[in-house]
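The lines below spell out each chain.
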Amino acid sequence: GTGQPNDLLDQRDRLIAQLGEKIQVTTLEADDGTVSVFVAGSQPLVLGNQAAQLQVVRADLDGDRRVQLQFKQGNSVADIPQAFIGGGSLKGLVDFINDDITRTQAELGRVALAMAVALNEQHQNGRDLQGNLGTPLLLGSGPFSGVGAVTNSGSATVTATVANVNDAGALRPDDYWLTFVSATTVTIQRSSDGHYWDGTGWVPSAASAVPVGPGVFEGLTLTLSGGTVGDRYALRPAATALGTIALAIDDPVKLAAASNPPVGNVQFDGSNARAIMKLRDKLLFDGVTPLSDGYVAAFSRVASRVNQAKTSSEFSQAQARDAEQRRANEAGVNLDEEAARLLQFQQAYQASAKYLQTVQSIFDTLLSTFR
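Reference entry: report on the structure contained in this document. (Residues numbered from 1 in each chain as written. Predicted model: local features only at pLDDT ≥ 70, side-chain atom pairs only at ≥ 80, totals over all residues. Heavy atoms only, no water.)

1. Structural notes on the overall build of the protein chain
Counting its secondary structure elements, the protein chain contains 7 helices and 22 strands. Structurally, the protein chain occupies a C-alpha span of about 145 × 50 × 35 Å along its principal axes. In the protein chain, which comprises 371 residues, the proportion classed as buried is 32%. Sequence separation of 24 or more characterises 56% of the internal contacts of the protein chain that already satisfy a separation of 6 or more. Looking at the protein chain, you have 29 positive and 38 negative side-chain charges, and the mean spots of the two groups are 4 Å apart. (Helix = DSSP H or I, 4+ residues; strand = E, 2+ residues; numbered from the N terminus. Buried < 20%, exposed > 50% of the residue type's maximum accessible area, 1.4 Å probe, protein only. Contact = heavy atoms within 4.5 Å. Lys, Arg positive; Asp, Glu negative; His and termini not counted. Charge placed at Lys NZ, Arg CZ, Asp CG, Glu CD.)

In C-alpha cells, the structure reads:
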C-alpha cells in the first residue's frame, strides 16, 4: 500500500531519542523520507542508508589516564575534540575521566609532592639518635620521567625534579605535554589551559619552542636529551607523586629529631622534630596557603563540580521534558487534548442530532398540513 509505516517511523524516532541521551545529535530529513544523523558538529553518523561508528580508545600520549572519542567511517578514523562532543551522558563521562579525575589526582598529588619535598628537606637538616645526618623521610618526591607516546620513534630522556622547598611551593596541579620540534627544541604545553611555555612565561601560541636542556618552570627543573622530531611525552609530576609517596625510613632510630649541629653534648633534643611540626603552618603554596590547608583547593573544586553537575542535570531534565512535550504536541498523542476533542465532537454530534430532530419535526408538520 501507499500508507505511512507509522510503527517503523515511531521506532526510528525512539532510537534517535535514545541516541540523543548519549550524545548531542542533529537530524535532517531528506525528500525520500530518510533521516540523516550528525554528531560532534558535522560528523555524519547516519547519512542516507550509510552508517558510521563512534569508538572510544585510550589517548596514546597519556597511557591509561585519558580517553579519546573517535569517528570511524570505513577505514578512516578521526579524533573528535572533547569540546565538540556536545551534550549527553557520553560527554559527561569523557569530562569526568579526562578532566575531573585527572585534575583531582593532580591537585592531591601537588599537596603530597610539596609535603614530601618540605619534610625531606627539613629532616635532612637534623641528626638522628646515633648522631647521623637525616636522610629523606619520604619516597616519591622525584625525579619524574616523561611517558612517551606509543607512536614515538625515538628514545629521548625527559626528566623533571623539584630542587627545594621553595620550588615545591610553585608547583601546579598540571600535566605537561612535550613535543620535539627539532633535535634541539621542544614545545611544552600545559594541560589546564593549553598554553605553551616560551622560556619566561605561558602564551597561547603553539609556535613557542624552547631549547632542549635544563630549564625551570612552575617549580620544576626539566632536563631533556636525545630528542626525535615529532616525538611526544607526557610529564605528570603531581599525579605520579600521588601514587608513589611512601615512607623511606622504617627504623625510629633514624628519625632526625635533633638539631644540627647538636646543642651541647645532647643528640636527641627534639628541635628538628619541632621544626618539622611547624611546617604545617608554612605558607608553601603560592606564598599564601599553608601546607595544612593545601588540600582545600582540591576538595573545594570537587564540591563545586558536583554542585555544577547537579544544577546542569536538573536544567537539562527540565529542557528535555519541555522538548518532549512540544514534540508530543506536534507529532504524538496528548491524552488530555484528545479527551477534550472527544467532548467537543460529542457536543457537536448532540447538537447536530437535535437539529435533525427539529428539521424532522418541521417536515412532518408540513406534510400533515397538505393531507
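The structure having been displayed, the exposition proceeds.
2. Considerations on the packing of aromatic side chains
Under the defined criterion, the tally for this structure stands at 7 aromatic pairs. A ring pair is formed by Tyr176 and Trp202, whose centres lie 6.1 Å apart and whose planes are at 25°; its orientation type is stacked. Taken together, the positions of Tyr176 in strand β12 (residues 176-180) and Trp202 in strand β15 (residues 202-203) put the pair 26 residues apart, joining distant regions of the chain. The exposure class assigned to Tyr176 is buried, which follows from its relative accessible area of 1%. Across from the ring centre of Trp202, 4.6 Å away, lies the NZ or CZ of Arg190, which sits over that ring. (Phe/Tyr/Trp six-rings, centres within 6.5 Å; stacked < 30°, edge-to-face > 60°. Lys NZ or Arg CZ within 6 Å of the ring centre and 35° of its normal.)

3. Comments concerning the packing of helix α2 (residues 89-123) against helix α5 (residues 271-278)
The description of two packed helices rests on the angle between their axes and on the distance between the axes. α5 packs onto α2 with a crossing angle of 160° between their chain directions and a minimal axis gap of 10 Å. The angle between α2 and α5 places the two elements in the roughly antiparallel class. Here α2 runs over α5; the crossing is right-handed. Residue-level contacts link Leu119, Gln122 and His123 of α2 to Asn272, Ala275 and Ile276 of α5. (Axes fitted to C-alpha atoms, helices over the stretch in contact; angles between N-to-C directions. Parallel < 35°, antiparallel > 145°, perpendicular 65-115°, else oblique. Left-handed = near helix turned anticlockwise from the far one by under 90°.)

4. Remarks on the layout of surface pockets
When its volume is computed, the largest pocket comes out at roughly 1500 Å³. Forming the boundary of the largest pocket are 35 residues, of which Gly20, Glu21, Gly88, Ser316 and Ala320 lie nearest the centre. At the level of secondary structure, the elements contributing two or more residues to the lining of the largest pocket comprise α1 (6-22), α2 and α6 (296-331). Counted by class, the lining of the largest pocket contains 10 nonpolar, 14 polar and 11 charged residues. (1 Å grid on protein atoms, 1.4 Å probe; cavity = no way out; pocket = protein on both sides within 12 Å on 5 of 7 lines; lining within 4 Å. Points joined across faces, edges and corners; volume = space filled by probe spheres on them. Nonpolar A, V, L, I, M, F, W, Y, C, P; charged D, E, K, R; others polar.)

5. Focus on the nonpolar core
Core analysis: the largest hydrophobic core is formed by 38 residues, its most contacted members being Tyr176, Leu178, Ile188, Phe217 and Leu222. Secondary structure elements with two or more residues in this core: α2, β11 (157-161), α3 (165-168), β12, β13 (185-190), β18 (220-225), β19 (232-235) and β21 (283-285). Element by element, the count of residues in this core is highest for α2, at 7 residues. Residues in contact with Tyr176, not counting those within four places in the same chain, are Ile188, Gln189, Arg190, Trp202, Phe217, Glu218, Leu220, Tyr233, Ala234, Leu235 and Pro237. In this structure, Leu45, Phe71, Ile85 and Leu90 belong to the second largest nonpolar core, which totals 12 residues. (Core = buried A, V, L, I, M, F, W, Y, C linked by side-chain atoms within 4.5 Å.)

6. Quick notes on empty space enclosed by the protein
Scanning all chains against the criterion turns up 1 cavity of 30 Å³ or more. Volume-wise, the largest cavity comes out at about 40 Å³. Along the walls of the largest cavity sit Arg110, Leu113, Leu171, Arg172, Asp174, Tyr176, Glu218, Leu220, Pro237 and Ala238, which together make up its complete lining. For the lining of the largest cavity, the secondary structure elements donating two or more residues are α2 and α4 (237-244). A per-class count over the lining of the largest cavity returns 6 nonpolar, no polar and 4 charged.

7. Some thoughts on the sheet that holds strand β5 (residues 53-58)
If you walk across this open sheet you meet the 3 strands as β5-β6-β7, and the pairing is antiparallel. The open sheet has two free edges, formed respectively by β5 and β7 (76-79), since each of these has just one partner strand. Here the average twist between neighbouring strands, direction ignored, is 35°. Across 6 bridges, the pairing between β5 and strand β6 (residues 67-73) is antiparallel. Across the sheet, residue Gln55 finds its bridge partner in β6, namely Gln70. (Pairing = 2+ DSSP bridges.)

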